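The residues making up each chain are set out below.
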Amino acid sequence: PGDVVRFISTDPYRIMVSGRTKQYINVFGEEVMVHNTDAAVSKACAATGAVLRDYTVGPVFMSGTGKGGHEWLIEFEQSPRDMSIFADRLDELLRAENSDYDAKRYKDLALIRLSVREAPTGSFDKWLKSRGKLGGQSKIPRLSNDRKYLDEIQAFINNQNVTR
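Cut-offs used in this document
- Residues numbered from 1 in each chain as written.
- Predicted model: local features only at pLDDT ≥ 70, side-chain atom pairs only at ≥ 80, totals over all residues.
- Heavy atoms only, no water.
- Helix = DSSP H or I, 4+ residues; strand = E, 2+ residues; numbered from the N terminus.
- Contact = heavy atoms within 4.5 Å.
- Salt bridge = Lys/Arg side-chain N within 4 Å of Asp/Glu carboxyl O.
- Buried < 20%, exposed > 50% of the residue type's maximum accessible area, 1.4 Å probe, protein only.
- Arc of directions from axis to C-beta.
- Core = buried A, V, L, I, M, F, W, Y, C linked by side-chain atoms within 4.5 Å.
- Pairing = 2+ DSSP bridges.
- Axes fitted to C-alpha atoms, helices over the stretch in contact; angles between N-to-C directions.
- Polar contact = N/O pair within 3.5 Å; in protein donor to acceptor, adjacent residues only side chain to side chain.

(A) Highlighting the environment of Ala155. With respect to the element layout, Ala155 can be found in helix α5 (residues 148–163). Along the backbone, Ala155 and Trp127 are 28 residues apart, and their C-alpha atoms lie at a distance of 10.0 Å.

(B) Region of interest: the environment of Leu150. Secondary-structure assignment places Leu150 in helix α5. Separated by 94 residues in the primary sequence, Leu150 and Thr56 place their C-alpha atoms 6.7 Å from one another. For Leu150, the contacting residues outside a window of four places in its chain are Thr56, Gly58, Glu71, Leu73 and Arg117.

(C) Structural detail: the pattern of salt bridges. In total, this model carries 15 salt bridges according to the counting rule given. One salt bridge in this structure joins Arg113 and Asp88, with 2.5 Å as the shortest N-O distance. Residue Arg113 is found in the loop between α3 (99–105) and β7 (115–119), and its partner Asp88 is found in helix α2 (residues 83–97); the two are separated by 25 residues along the sequence. Here Asp88 falls in the partly exposed class, since its relative accessible area comes to 33%. Here Glu152 makes a salt bridge to Arg131, at a shortest N to O gap of 3.4 Å. Within this pair, whereas Glu152 is found in helix α5, its partner Arg131 is found in the loop between α4 (123–130) and α5, the two being separated by 21 residues in sequence. Salt bridges here are not isolated pairs; linked through shared partners, they connect Glu71, Arg117, Arg147 and Asp151.

(D) The arrangement of α4 in detail. Restricting attention to buried positions, one finds in α4 the residues Ser123, Phe124, Trp127 and Leu128. Buried residues of α4, viewed axially, fall in a sector of 130 degrees; they line one side. One or two positions beyond α4, positive phi appears at Gly132, with a value near 70 degrees.

(E) Just the nonpolar core, in detail. Among the nonpolar cores identified, the biggest contains 24 residues, and Val41, Trp72, Ile74, Phe86, Leu90, Leu114 and Val116 are the most heavily contacted of them. Leave out the neighbours within four places in its chain, and Val116 touches Trp72, Ile74, Met83, Phe86, Ala87 and Leu90. Listed in part, the 10 residues of the second largest apolar core include Leu73, Leu128, Leu150 and Ile157.

(F) Spatial organisation of the sheet that holds β7. Taking strand neighbours across the sheet as the criterion, the three strands line up as β5-β6-β7 in an open arrangement whose pairing is mixed. A single partner strand is all that each edge strand has here, and the edge strands are β5 (51–60) and β7. With direction set aside, neighbouring strand axes in the sheet form an average angle of 25 degrees. On top of the sheet, helix α1 (residues 34–48) reaches β5 and β6 (69–78); it is set at about 130 degrees to β5, its chief contact. Strand contacts of α4: β5, β6 and β7, with the helix running at about 65 degrees to β5, the strand carrying the most contacts.

(G) Spotlight on the side chain of Arg105. Locating Arg105 in the fold gives a position in helix α3. Taking relative accessible area as the criterion, Arg105 reaches 6% and is therefore assigned buried. A polar contact is formed between the side chain of Arg105 and the side chain of Asp91, at a distance of 2.8 Å. Leaving out residues up to four positions away in the same chain, Arg105 has contacts with Asp91, Arg95, Leu111, Ile112 and Arg113.

Here's what the structure looks like:
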């Protein structure tokens, strides 16, 4: 339950599981699904020499006259040399993957360019372990319509840096 499937052939019938309906961001009408972000981040890593370990994404809510956006927290096995170039490429690739995201990004109409923060190595596993969920079927939530996971993980990372 909760899988997104696509027909890739009707003669013979063939389907492909392409994502999870529970992991999406649609705060601003962008309708970004996890298969969009997985594809974009994979291509951004390939283009910049980075190697991905894991990521989570949450919204940046509009405040005052500011616009909304997406904030990515990424743990790399190999970081990109230039995070700004990586973020630019990731944004371009996500726009190419998802026309609704692209429409909201057009001239920064509703969304500003995504932002990327790098998580220290091992942060996501340590966070899962602190919640008793390391291993097996437990995974970092990739996408969320709120900032719950993003803020929890960032607070955990900040606390780890203080208590070392």
